[in-house]
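The primary structure of each chain is shown beneath.
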Amino acid sequence: MFNEKEYDKVINNHFKEIENYIEKISIPDLVAFYVYSGFNNSTLWEKSLNKIINTCLEYINVNINISNELVDNIKKNLKNKYNIEIINLDPLELRTK
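Residues numbered from 1 in each chain as written. Predicted model: local features only at pLDDT ≥ 70, side-chain atom pairs only at ≥ 80, totals over all residues. Heavy atoms only, no water.

Quick look at the pattern of salt bridges
Okay, so step 1: Per the stated rule, a full pass over the model turns up three salt bridges.
Okay, so step 2: Across the pair Lys 81 and Asp 29 runs a salt bridge whose closest N-O atoms are separated by 2.3 Å. A residue pair is termed long-range when its members are at least 10 positions apart, and Lys 81 in helix α3 (residues 68-82) and Asp 29 in helix α1 (residues 4-41) qualify at 52 residues.
Okay, so step 3: Residue Glu 85 pairs with Arg 95 through a salt bridge whose shortest N-O separation is 3.3 Å. You can see Glu 85 sitting in strand β1 (residues 84-89) and its partner Arg 95 sitting in strand β2 (residues 92-96), a full ten residues away along the chain. (Salt bridge = Lys/Arg side-chain N within 4 Å of Asp/Glu carboxyl O. Helix = DSSP H or I, 4+ residues; strand = E, 2+ residues; numbered from the N terminus.)

Section: α1
Okay, so step 1: When the terminal C-alpha atoms of α1 are compared, their 52 Å separation across 38 residues agrees well with the 56 Å that a helix rising 1.5 Å per residue should span.
Okay, so step 2: Of all bends in α1, the biggest is about 40 degrees, found at Ile 22.
Okay, so step 3: For α1, every residue scored as buried is listed here: Ile 27, Pro 28, Val 31, Ala 32, Val 35 and Gly 38.
Okay, so step 4: On its buried face, α1 sits against α2 (49-59), α3 and β2.
Okay, so step 5: Sitting at the head of α1, Asn 3 places a side-chain oxygen 3.0 Å from the backbone nitrogen of Lys 5.
Okay, so step 6: Of the residues one or two after α1, Ser 42 is the one with positive phi, at around 55 degrees. (Expected span 1.5 Å × (residues − 1). Bend = angle between axes of the 7 residues up to and from the residue. Buried < 20%, exposed > 50% of the residue type's maximum accessible area, 1.4 Å probe, protein only. Contact = heavy atoms within 4.5 Å. Polar contact = N/O pair within 3.5 Å; in protein donor to acceptor, adjacent residues only side chain to side chain.)

Describing the packing of aromatic side chains
Okay, so step 1: Across all of its chains, the model carries three aromatic pairs by this definition.
Okay, so step 2: Here the aromatic rings of Phe 33 and Tyr 82 are separated by 6.5 Å at their centres, their planes lie at 55 degrees, and the arrangement is tilted. Highlighted residues: Phe 33 in helix α1 and Tyr 82 in helix α3, separated in sequence by 49 residues.
Okay, so step 3: Here Tyr 36 and Tyr 82 contribute two aromatic rings whose centre-to-centre distance is 4.2 Å and whose plane-to-plane angle is 20 degrees, an arrangement assigned as stacked. Within this pair, whereas Tyr 36 is found in helix α1, its partner Tyr 82 is found in helix α3, the two being separated by 46 residues in sequence.
Okay, so step 4: By relative accessible area, Tyr 36 is classed as partly exposed at 27%.
Okay, so step 5: Members of the aromatic cluster, joined through ring pairs, are Phe 33, Tyr 36 and Tyr 82. (Phe/Tyr/Trp six-rings, centres within 6.5 Å; stacked < 30°, edge-to-face > 60°.)

Description of the environment of Asn 80
Okay, so step 1: Positionally, Asn 80 belongs in helix α3.
Okay, so step 2: Placed 31 residues apart in sequence, Asn 80 and Leu 49 show a C-alpha to C-alpha distance of 18 Å.

Any functional reading would require information that these geometric values do not contain.
Listed below in structure tokens is the structure:
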């Protein structure tokens, strides 16, 4: 068994791994799909990528800082999964490759 200090360390590491997964995998994937779906259906009304990210974060009730790494991961997902390239972030401009 773990003592309390060891337990806290193990649990904290576990939660950090989950947070890392959410920030690096789940959120970029969700935002990329949101942009892809909105682009295909002509329903992107947000004016910037940051607003789209905030909409997605509100949808899943998560609060994180929008970092360059997050934006880069979203761009990679859009490019690799949906063949969409971001030309400009604000206002958001997209093109298919």
